[in-house]
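One-letter residues, chain by chain:
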Amino acid sequence: MIKTISLLAAILLLPLLGCSDTQPGYSLTDGSKLHFDELHGKVVLINYWAVWCKPCREEIPELNAFQQTHGDQVQLLAVNFDGVTGDALKQQAKELGIQFPVLTSDPRQQFAVKASGVLPETLVIDHEGNFRQVLLGPQNEEKLASVLQQLSENH
């Protein structure tokens, strides 16, 4: 009888365990969590940077300005190329002046995109959460506005 009840309970609970379509959450340096499915409707730009990368340092003010200007349509996210974590990650992001959310881990695998090995690198995720392209080298507001325009025309 107990085996039958246990088996019945397992059968009833199995669909609940296996059918979750929620994407994994990613921690941010401010302690909150981000789920990419919550960003549907916005273009997501995932920027890879390193403290030693001069072009990264030069593009951060442009990225900050773009996020401020286009925050209703875009969510910029930062990922440290070197895999720095904890207080060191917070310090480096502060040193570079990053004013948009910094992920504590790399979401690249979720989008099945291999690392280019070039910095800075920015992944473009469209309004529906699909990977669209990799932008290599430093970006500026004009280039990013063009990418946003192209995606909006196709949306």
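Preceding this section is the structure that the text describes.
Residues numbered from 1 in each chain as written. Predicted model: local features only at pLDDT ≥ 70, side-chain atom pairs only at ≥ 80, totals over all residues. Heavy atoms only, no water.

J.: I keep staring at the pattern of salt bridges and nothing clicks. Help me out?
T.: Applying the stated rule across the entire model yields 5 salt bridges. Between E121 and R108 there is a salt bridge, with the nearest N and O atoms lying 2.8 Å from each other. Of this pair, E121 sits in strand β6 (residues 121-125) while R108 sits in the loop between β5 (102-103) and β6, and the two are 13 residues apart along the sequence. Here R108 falls in the buried class, since its relative accessible area comes to 8%. A single salt-bridge network, built from bridges that share partners, covers D106, R108 and E121. (Salt bridge = Lys/Arg side-chain N within 4 Å of Asp/Glu carboxyl O. Helix = DSSP H or I, 4+ residues; strand = E, 2+ residues; numbered from the N terminus. Buried < 20%, exposed > 50% of the residue type's maximum accessible area, 1.4 Å probe, protein only.)

J.: Looking at this model, I keep getting lost on the environment of V113. Mind explaining?
T.: With respect to the secondary-structure elements, V113 resides in the loop between β5 and β6. Here V113 falls in the buried class, since its relative accessible area comes to 10%. Linking V113 and F131, residues 18 residues apart in sequence, is a C-alpha distance of 8.2 Å. Excluding anything up to four places from it in sequence, V113 contacts R108, L123, F131 and V134. (Contact = heavy atoms within 4.5 Å.)

J.: Just to check I follow, could you spell out a nonpolar patch on the surface for this structure?
T.: A surface patch of nonpolar side chains, about 290 Å² in accessible area, is lined by V118, F131, V134 and L136. Here L136 shows up in strand β7 (residues 131-136). Overall, the relative accessible area of 48% leaves L136 in the partly exposed class. (Patch = residues over 30% accessible without salt bridge, like charges linked within 9 Å, V, L, I, M, F, W, Y side chains within 5 Å. Areas by Shrake-Rupley, 256 points an atom, 1.4 Å probe, with all protein chains shown as cover.)

J.: Looking at this structure, how should I read the state of the cysteines?
T.: In protein structure, a disulfide is the covalent linkage between the sulfur atoms of two cysteines. For the structure on display, the rule yields 1 disulfide. With its sulfur 2.4 Å from that of its partner, C53 forms a disulfide with C56. Sign of the S-S torsion, about 80° for the bond between C53 and C56, identifies this disulfide as right-handed. (Disulfide = S-S within 2.5 Å.)

J.: Honestly, helix α3 (residues 86-96) in this entry has me stumped. Any pointers?
T.: In an α-helix, one full turn covers 3.6 residues, which means residues spaced three or four apart are oriented alike. Looking at α3, one finds that the buried residues are L89, Q92, A93 and L96. For α3, the angular spread of the buried residues around the axis is 100°, confining them to a single face. In this structure, α3 carries D87 and K94 as exposed residues pointing more than 90 degrees from its buried face. On the buried face of α3, the contacting elements are β3 (43-49), α2 (54-70), β4 (74-80) and β5. The first or second residue beyond α3 is G97, which carries a positive phi of 80°. (Arc of directions from axis to C-beta.)

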